Amino acid sequence: MKIKSLHIEAYRHLENVNFDFTYPEGHAKAGKPLDKICIIGQSATGKTTLLELIKDVISKLDLVEIINRQYLLGHHKLIFKGYLEYLSKDGELKIEENAIVKEGKEFRNMPKSGSGTYEKLITDAVKLLYVSSEIISKETINIFNQNPLNIINELETEKFAGFQNKYNKPNYVYEFVQNIDAEIWFSLLYKILDYRKRFLQMASELINKGSIGDMGKLNQQYAQWAAANENPIALFANFFNPVLKKLNVEIDLVNTEYPIPVKSMVNEEVIPVAGLSTGTKGLLLSMFPLFELDTNDAIILLDEPERSLFPDMQIDLIAHYQNLAPAAQFIVATHSPFIAAAFEPEERFILYFDEKGKVAVRRGESPIGDDPNDILRNDFNVDYYNDFGKKAYQDYLDLKRKVTQETQPEKKKDLMLELVGLGDKYNF
């Protein structure tokens, strides 16, 4: 399931804005929906608004039913004037303001109540994740900062068991925001929490049997248990540790103090989640759901994933997300040229204010992997030199002119040395 296009006739401050989310002619995937989409734009152009709009439209699709294969059941109405085109296993859907067109057949709201045969408009599973730039909250960090047994004990045994696969359904729409329901985290952490519970039960049984006095027997029995009980932390660590490597931290496979223990690679000390940097917290909270959920054919909306991350982490960030969800369509809003460089030019959509002050859109120019400075210039339309840099560049141009005009060899040599020194200093 992927979005193909979005036309906004009117929504908030956006008017007559068109997005063609397909690969252009000449591309190997010409006409197919984009695998990933990057939305760029200065503040107030509407990047986050677009993500929320897409979320609101797609999240309602799974609830739409038709009656007598003719009408939409209930009242369908978009929250904006325009339409969104969507490709699923059921074929193409065009979601309009007061109708939905499926494979060329239009379904409108039923003029009056009636009875008949009911069926879902689409059979394809709707899977959508929205990851806000404001994903971190005290409540969420408190969950990850607790001892797993304390979490289980605070929940009734029956209630805890009910979290198994409660939220990992074929169809889902999850918004990972500050006020997210704690039960979603409990469900996603279920396998880890349950493993910790069974591990401690096993350790207690070995102690009660007296195995602790025979290290050989203890190791043998633990090895047998471990072979039959795969550590879910180990699976997540395989994906997450390469991301954390540049931060000199990694997932600790031994510690049982926290649901997802993180330790320093420098001194081996376990760091409480509350003690991690803001960027590291954001990575953990945004990547863990992608690892736990079935993201095949999902739509994943990421708002400013670069938040609080050093540029060296931003360079490969989108690749890490795609490794976690290779069959999902990513739609990313960003201010970062390092993030934008991970997208092909036709996958970048730049929002800007036209001469009338209206928001308009154009596609990117710089090739994928281009120098972020070139992307700033070509796609962001940002002059990345401040006043000091502009003055240095003007001095460089003046020196070039003087060199061509100077006739005395010694003075010409001195000017050349000064020119080369300034050019090397600023990489002119």
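Quick summary incoming for the structure in this document. These numbers come from a predicted model, not from an experiment.

## With respect to the overall build of the chain
Along the chain, the regular secondary structure elements total 15 helices and 19 strands. Taking 2.2 N^0.38 as the reference for a compact globule, 428 residues should give roughly 22 Å; the C-alpha atoms of the chain span a radius of gyration of 28 Å, well beyond that estimate. Overall, the chain is about 95 × 75 × 40 Å in size when its C-alpha atoms are taken along their principal axes. When burial is assessed residue by residue, the chain has 47% of its 428 residues classed as buried.

## Some points on the pairing of strand β1 (residues 2-11)
Extensive coverage of β1 is indicated by the burial of eight of its 10 residues. Of the pairings in the sheet, the one linking β1 to strand β6 (residues 81-88) comprises seven bridges and is antiparallel in character. Along β6, the bridge assignment pairs S5 with E85. Both β1 and strand β2 (residues 14-20) contribute to a ladder of six bridges, which runs antiparallel. Paired with H7 across the two strands is N18, which belongs to β2. Hairpin remark: β1 followed by β2, antiparallel, with two residues in the connecting loop; positive phi at R12, about 55°.

## Side note on the environment of E205
Here E205 lies in helix α6 (residues 190-208). Residue E205 is classed as partly exposed on the basis of its relative accessible area of 47%. Along the sequence, E205 and N267 sit 62 residues apart, while their C-alpha atoms lie 32 Å from each other.

## Overview of helix α11 (residues 317-324)
What α11 keeps buried is the set L317, I318, Y321 and L324. Axial view of α11: buried residues confined to an arc of 115°, hence all on one face.

## Here we look at the packing of aromatic side chains
Scanning the entire structure with this criterion turns up 19 aromatic pairs. The interplanar angle of 25° and the centroid separation of 5.5 Å between the aromatic rings of F19 and F21 together place this pair among those described as stacked. By relative accessible area, F19 is classed as buried at 2%. F21 gets classed as buried once you look at its relative accessible area, which sits at 1%. With centroids separated by 5.3 Å and ring planes inclined at 55°, the aromatic side chains of F176 and W185 adopt a geometry described as tilted. The exposure class assigned to F176 is buried, which follows from its relative accessible area of 1%. An aromatic cluster of at least three residues, connected via ring pairs, comprises F144, Y172, Y174, F176, W185, F236, F239, F240, F288 and F291.

## A word on helix α9 (residues 278-292)
Between its first and last C-alpha, α9 extends 22 Å over 15 residues, near the 21 Å set by a 1.5 Å rise per residue. With 14 of 15 residues buried, α9 lies mostly within the body of the structure.

## A few points about the sheet that holds strand β13 (residues 249-251)
Sheet architecture is open: three strands sit in the order β13-β14-β15, paired in antiparallel fashion. The strands lining the two open edges of the sheet, one partner per strand, are β13 and β15 (270-271). Relative to β15, strand β14 (residues 262-264) runs antiparallel, the two being bridged by two bridges. Each residue of the ladder has a partner; that of K263, found in β15, is V270.

## Structural notes on the sheet that holds strand β3 (residues 36-41)
One open sheet holds the seven strands; their spatial order is β12-β11-β16-β17-β3-β18-β19, and the pairing between them is mixed. What marks the edges here is a single partner per strand, and that holds for β12 (172-176) and β19 (359-363). With direction set aside, neighbouring strand axes in the sheet form an average angle of 15°. Two elements, strand β11 (residues 127-131) and β12, share five bridges in a ladder whose sense is parallel. Within β12, the position partnered with L129 by the bridge is Y174. Against the sheet, helix α1 (residues 47-59) contacts β3, β11, β12, β16 (299-303), β17 (329-334) and β18 (348-353), and its axis sits at roughly 155° relative to β16. Where α9 meets the sheet, its contacts fall on β11, β12, β16 and β17, and the angle it forms with β11 comes to roughly 170°.

## Focus on the pattern of salt bridges
Pairing between side chains of opposite charge can happen when the charged atoms of each approach one another. One pass over the full model with this rule turns up 24 salt bridges. Across the pair K55 and E175 runs a salt bridge whose closest N-O atoms are separated by 3.5 Å. On the criterion of sequence distance, the pair formed by K55 in helix α1 and E175 in strand β12 is long-range, its members being 120 residues apart. By relative accessible area, E175 is classed as partly exposed at 36%.

## A closer look at the packing of α9 against α11
As a packed pair, α9 and α11 sit with axes 8 Å apart at the nearest point and diverge in direction by 30°. On the basis of their axis angle, the class for α9 and α11 is roughly parallel. Of the residues in α11, those touching α9 at L283, S286, M287, L290 and F291 are L317, H320, Y321 and L324. In terms of residue class, the contact of α9 with α11 is built from seven nonpolar, two polar and no charged.

## Here we look at the environment of S187
Residue position: S187 is located in helix α5 (residues 182-188). Residue S187 is classed as buried on the basis of its relative accessible area, which comes to 9%. As for S187 and Q164, which are separated by 23 residues in sequence, their C-alpha atoms are 6.1 Å apart.

Thresholds, definitions, all that
Residues numbered from 1 in each chain as written. Predicted model: local features only at pLDDT ≥ 70, side-chain atom pairs only at ≥ 80, totals over all residues. Heavy atoms only, no water. Helix = DSSP H or I, 4+ residues; strand = E, 2+ residues; numbered from the N terminus. Rg over C-alpha atoms; globule rule 2.2 N^0.38 Å. Buried < 20%, exposed > 50% of the residue type's maximum accessible area, 1.4 Å probe, protein only. Pairing = 2+ DSSP bridges. Arc of directions from axis to C-beta. Phe/Tyr/Trp six-rings, centres within 6.5 Å; stacked < 30°, edge-to-face > 60°. Expected span 1.5 Å × (residues − 1). Axes fitted to C-alpha atoms, helices over the stretch in contact; angles between N-to-C directions. Contact = heavy atoms within 4.5 Å. Salt bridge = Lys/Arg side-chain N within 4 Å of Asp/Glu carboxyl O. Parallel < 35°, antiparallel > 145°, perpendicular 65-115°, else oblique. Nonpolar A, V, L, I, M, F, W, Y, C, P; charged D, E, K, R; others polar.

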